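Residues per chain, in single letters:
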Amino acid sequence: GSCVPATKTVAAKPAGGGLAGMWQAAGVSVGAGGSVTLSAGAGQTWTNGSATWTAAGNASDILQGANCPLPGAPRMALIGRIGASGAPFLVGQQTQLTASVAGEIYLAPNDDWYMVWDNAGALTVSVCAGGATCRVDATATVPPTGSAASPVALAATATATSCAGAPTFEWDFGDGGPPSVEQNPSHAYAAGTYTWTLT
């Protein structure tokens, strides 16, 4: 959207006590109906015991019960909420949402509050509140059949609304060959049936 992001460092071992102390104020507020984008960026990690995790957390260790910020989410996943008592939501590496209530944004590592003694490190999180929600509408046009070894024309369109930058394209032709970053590539297939993907 059109807002200027702020950054917040979220500690894996929060300074406060109990479950309330897990939440760290981001210093950014959002109005009800406003857009919120949170991103931990790639390559960052924090630790839990002897293991290192990204903001996506440990998918093989799903927390339950009332002692963590978001029961049902992975341990050490980045969690957010709006307002001092707002409903928690999974941020992970990145999320974009429309705020249902107004308030300050809070962030936390998803861990049982009494287990954070062995946590270490922090994530730098980009917090962007306000502006319109980014939306991309895309279509792909691909013939249902073609002749083996003859180029097949593939076409894509994408319209971005309230987004930073222009859409980019990547075609995976589904036959094991290299992908194409052209918007409208041609590709020759061997005889067979293939599933293509446009990102």
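Shown above is the structure to which this text applies.
Reference entry: report on the structure contained in this document. Computed from a prediction, not measured in an experiment: that's the story for all the values here.

### Describing a nonpolar patch on the surface
A cluster of nonpolar residues, W113, Y114, M115 and W117, forms a patch on the protein surface that exposes about 460 Å² of accessible area. Within the secondary structure layout, Y114 lies in the loop between β11 (103-109) and β12 (119-120).

### Quick look at the pattern of salt bridges
Proximity of charged atoms lets side chains of opposite charge pair with each other. Inspection of every chain in the model, using the stated rule, returns 3 salt bridges. Residue R75 pairs with D111 through a salt bridge whose shortest N-O separation is 2.4 Å. Pair noted here: R75 is in strand β7 (residues 74-75) and D111 is in the loop between β11 and β12, with a separation of 36 residues, a long-range link. Neither residue differs from the other here; R75 and D111 are each classed as buried. By relative accessible area, R75 is classed as buried at 11%. Through salt bridges with shared partners, one network takes in D61, R75, D111 and D112.

### Description of the sheet that holds strand β9 (residues 89-90)
Strand order in the open sheet formed by 4 strands is β2-β11-β8-β9, and the pairing between neighbours is antiparallel. Edge positions in the sheet fall to β2 (24-30) and β9, since each has one partner strand and no second. Pairing between strand β8 (residues 78-82) and β9: 2 bridges, direction antiparallel. When the sheet's bridge partners are listed, I79 is paired in β9 with L90.

### What about the packing of aromatic side chains?
The way to describe two aromatic rings as a pair is by their centre distance and the angle between their planes. Evaluated as defined, the whole model comprises 3 aromatic pairs. Consider the rings of W113 and Y114, whose centres lie 5.6 Å apart with planes at 90°: the pair is edge-to-face. You can call W113 partly exposed: its relative accessible area is 36%. Among the residues examined, Y114 registers a relative accessible area of 44% and is labelled partly exposed. Directly above the ring of Y106 sits R81, whose terminal nitrogen or CZ lies 5.1 Å from the centroid.

What counts as what
Residues numbered from 1 in each chain as written. Predicted model: local features only at pLDDT ≥ 70, side-chain atom pairs only at ≥ 80, totals over all residues. Heavy atoms only, no water. Patch = residues over 30% accessible without salt bridge, like charges linked within 9 Å, V, L, I, M, F, W, Y side chains within 5 Å. Areas by Shrake-Rupley, 256 points an atom, 1.4 Å probe, with all protein chains shown as cover. Salt bridge = Lys/Arg side-chain N within 4 Å of Asp/Glu carboxyl O. Helix = DSSP H or I, 4+ residues; strand = E, 2+ residues; numbered from the N terminus. Buried < 20%, exposed > 50% of the residue type's maximum accessible area, 1.4 Å probe, protein only. Pairing = 2+ DSSP bridges. Phe/Tyr/Trp six-rings, centres within 6.5 Å; stacked < 30°, edge-to-face > 60°. Lys NZ or Arg CZ within 6 Å of the ring centre and 35° of its normal.

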